[in-house]
Amino acid sequence: MNIEETSPEQTVLSNFKRGFRRSIKILADLRLAIILLLAIALFSISGTVIEQGQSLAFYQTNYPENPALFGFLTWKVLLILGLDHVYRTWWFLSLLVVFGSSLTACSFTRQIPTLKSARRWSYYTKSKQFNKLVLSAELDSGSLNSLEPLLGKKNYKIFREGDSLYARKGIIGRIGPIIVHIGMLVILAGSIWGSMTGFFAQEIAPSGSIFQIRNIIDAGPFAASQIPQNWVVKVNDFWIDYTPDGNIDQFYSDLSVLDRQGEEVDRKTIYVNQPLRYQGVTLYQTNWGIDAVKVQLNNSPIFRLPMAQLDTGGQGRFWGTWVPTKPDLSDGVSLVARDLQGTLFAYDRTGNLIGAVREGGGIDLLNGVTLKVLELIGSTGLQIKADPGIPIVYSGFALLMIGVVMSYFSHSQIWALQEGDRFYLGGKTNRAKVTFEREIIAILEQIQSSAKLNSSN
């Protein structure tokens, strides 16, 4: 007896195929897909609850070590796990890749074979084959010729061979789940692409200034190509609308996009929820501040003095600056403002209130000095984002919705057999079974009525 020996190469190949099939089987397991989906949802929620892309000082202030949030969540834990930029961490992207692989494996091992099976047809040539159908009937009259037009009116695709007939409709319902899977894969691909190539930046720019996007807070490893290099942004103006009781109603920024030659290529006034979009970069209005104040002492030159936000311990937002009133800087007054309505408060060196002065007005100080406030200059706070994956994600959602709608179509199948003076009919469907049952009953009644009419004639 000759025993064919297996070479080491064949053994390795056989083990590889066996391992590959086992891996595909594991990936296609619905339980694994559910676990991965729940994990992705959980970490996505954490990314919306925990502020993303903030500074180290922000996390140290809001997530201190003592007391730790929930007893364990500190700024060190956040940074180590990457919870400050969840959507760009290697483990979150790995979850997306594994989940995408699970969807792909499920499509090739279940959905596509199901579709191929639905596209194939077979005829019932024996009456006992109808016994395995839940919905079937045996008539002592009827014919395939009378059945065909009835099925045609109900949009069935009919196949006939001799005394056997097969009809189906709703094959689109079998395609729907595949489209759903493709849509989800496109969404995952868009999310990964956006995480790898997108960036997030913040800029504080005073009215009248020109800036290039530099203050990048968070960016993917391939985001350099998305950060604008050939255009800048000019803040033409910034202003705030107030309610009658003095509260902020809305704040606006008039922005222009300038090319390398300084020519304006786009312009828009933005406000909250109404951003400026240009070449895939979106500029949102998110914050505001007071940048500087222009003052004049008697007939002196006009000074532009920067204003800094004061630490009030959570008691409101105030900005202040110091105005020297002597050439040797030995004396001066402090100016404090809380908004851009134009009112400032002047304090002496000891912190006593001298008085209030409005924009365009003046106030008399000691030693015959008159302080004039010419202009209060605001600054706009902009949040700047670029996510090249968004169009891909939107396309994926469109496919997902189309696939869900397609999945609601019932895939119905009907078999019929004419055997002597006996007529057999049966069918099955994957959904809307009550409606399908009524449809079959209506067809049977019409066949019997047609047979009675023919016999009476």
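Going by the structure above, here's the rest.
Computed from a predicted structure; not experimentally measured.

Trainee: For this particular structure, what's the right way to read unusual backbone geometry?
Mentor: Negative phi is the rule for most residues except glycine; trans is the rule for most peptide bonds. Between Asn-66 and Pro-67 the backbone carries a cis peptide bond, its omega angle lying at 0°. In this structure, Asn-155 takes a positive phi of about 65° despite not being glycine. Counting through the fold element by element, Asn-155 comes out in the loop between helix H6 (144–153) and strand S2 (157–161). You will see that Asn-298, though not glycine, has its phi angle at about 55°, which is positive. Tracing the sequence through the fold places Asn-298 in the loop between strand S11 (281–297) and strand S12 (303–306). Of the residues examined, Asn-298 reaches a relative accessible area of 32% and is grouped as partly exposed.

Trainee: Help me out: how do you make sense of the packing of aromatic side chains in this one?
Mentor: The relation between two aromatic rings is expressed through the spacing of the ring centres and the mutual angle of the planes. Under the definition given, this model contains 14 aromatic pairs. Considering the side-chain rings of Tyr-124 and Phe-130, the 5.3 Å spacing of their centres and the 90° angle between planes classify their relative orientation as edge-to-face. When sorted by exposure, Tyr-124 lands in the same class as Phe-130, which is buried. Members of the aromatic cluster, joined through ring pairs, are Tyr-124, Phe-130, Phe-159, Tyr-166, Trp-415 and Tyr-424. The side chain of Arg-317 reaches across the aromatic face of Trp-288, ending 4.9 Å from its centre.

Trainee: Just to check I follow, could you spell out the pairing of strand S21 (residues 422–429) for this structure?
Mentor: The side chains of a regular strand alternate, first on one face of the sheet and then on the other. For S21, the buried fraction is high: six of the eight residues fall into the buried class. In terms of strand pairing, strand S1 (residues 135–139) meets S21 through five bridges, oriented antiparallel. What sits directly across from Ser-136, in S21, is Gly-426. Pairing geometry for strand S20 (residues 412–419) and S21, over eight bridges, is antiparallel. When the sheet's bridge partners are listed, Ser-412 is paired in S21 with Thr-429.

Trainee: What exactly am I supposed to notice about a nonpolar patch on the surface here?
Mentor: On the surface, Ile-390, Tyr-394, Phe-397 and Met-401 cluster together into a nonpolar patch covering about 450 Å² of accessible area. Residue placement: Ile-390 occurs in helix H8 (residues 390–407). A relative accessible area of 37% places Ile-390 in the partly exposed class.

Trainee: What is the right way to look at the environment of Pro-177 in this model?
Mentor: Mapped onto the elements of the fold, Pro-177 is located in helix H7 (residues 172–197). Accessibility expressed as a relative area gives 22% for Pro-177, which makes it partly exposed. Along the chain, Pro-177 and Tyr-408 lie 231 residues apart, while their C-alpha atoms are 9.7 Å from each other. Filtering out sequence-adjacent residues up to four positions away, Pro-177 remains in contact with Gln-111 and Ser-407.

Trainee: Could you clarify how one ought to interpret helix H5 (residues 90–119) in this entry?
Mentor: Helix length check: H5, at 30 residues, gives a terminal C-alpha distance of 41 Å against a target of 44 Å (1.5 Å per residue), a fit within 8%. Of all the bends in H5, the greatest measures close to 45° and is centred on Ser-107.

Trainee: Mind showing me how you'd approach the sheet that holds strand S3 (residues 164–169) here?
Mentor: The antiparallel open sheet is built from five strands, whose spatial order is S1-S21-S20-S3-S2. Looking at the sheet topology across the chains shown, the edges are occupied by S1 and S2. In this sheet, adjacent strand axes meet at a mean angle of 10° when their direction is disregarded.

Trainee: Which parts of the structure should I look at to understand a positive patch on the surface?
Mentor: Together, Lys-17, Arg-18, Arg-21 and Arg-22 give the surface a local cluster of positive charge. Positionally, Lys-17 belongs in helix H1 (residues 8–27). On the basis of relative accessible area, Lys-17 is assigned to the partly exposed category, the value being 41%.

Trainee: So what exactly am I meant to see when it comes to the packing of H5 against H7 here?
Mentor: Describing two packed helices takes the angle between their axes plus the distance from one axis to the other. Put simply, H5 and H7 touch, their axes get as near as 9 Å, and they point 160° apart. By the angle class used here, H5 and H7 are roughly antiparallel. Crossing angle aside, the handedness with which H5 passes H7 is left-handed. Per-class residue counts for the contact of H5 with H7 are 17 nonpolar, eight polar and one charged.

Trainee: So what exactly am I meant to see when it comes to the packing of helix H2 (residues 30–49) against H5 here?
Mentor: The geometry of H2 relative to H5 is characterised by a closest axis approach of 10 Å and an angle of 150° between their N-to-C directions. With respect to each other, H2 and H5 are oriented roughly antiparallel. In this structure, the crossing between H2 and H5 has a hand that is left-handed. From H2, Leu-30, Ala-33, Leu-36, Leu-37, Ala-39, Ile-40, Phe-43 and Ser-44 reach across to H5, where they touch Trp-91, Phe-92, Leu-95, Leu-96, Val-98, Phe-99, Ser-102 and Arg-110. Looking at side-chain class alone, the contact of H2 with H5 contains 13 nonpolar, two polar and one charged residues.

Basis of the calculations
- Residues numbered from 1 in each chain as written.
- Predicted model: local features only at pLDDT ≥ 70, side-chain atom pairs only at ≥ 80, totals over all residues.
- Heavy atoms only, no water.
- Helix = DSSP H or I, 4+ residues; strand = E, 2+ residues; numbered from the N terminus.
- Buried < 20%, exposed > 50% of the residue type's maximum accessible area, 1.4 Å probe, protein only.
- Phe/Tyr/Trp six-rings, centres within 6.5 Å; stacked < 30°, edge-to-face > 60°.
- Lys NZ or Arg CZ within 6 Å of the ring centre and 35° of its normal.
- Pairing = 2+ DSSP bridges.
- Patch = residues over 30% accessible without salt bridge, like charges linked within 9 Å, V, L, I, M, F, W, Y side chains within 5 Å.
- Areas by Shrake-Rupley, 256 points an atom, 1.4 Å probe, with all protein chains shown as cover.
- Salt bridge = Lys/Arg side-chain N within 4 Å of Asp/Glu carboxyl O.
- Contact = heavy atoms within 4.5 Å.
- Expected span 1.5 Å × (residues − 1).
- Bend = angle between axes of the 7 residues up to and from the residue.
- Axes fitted to C-alpha atoms, helices over the stretch in contact; angles between N-to-C directions.
- Lys, Arg positive; Asp, Glu negative; His and termini not counted.
- Charge placed at Lys NZ, Arg CZ, Asp CG, Glu CD.
- Parallel < 35°, antiparallel > 145°, perpendicular 65-115°, else oblique.
- Left-handed = near helix turned anticlockwise from the far one by under 90°.
- Nonpolar A, V, L, I, M, F, W, Y, C, P; charged D, E, K, R; others polar.

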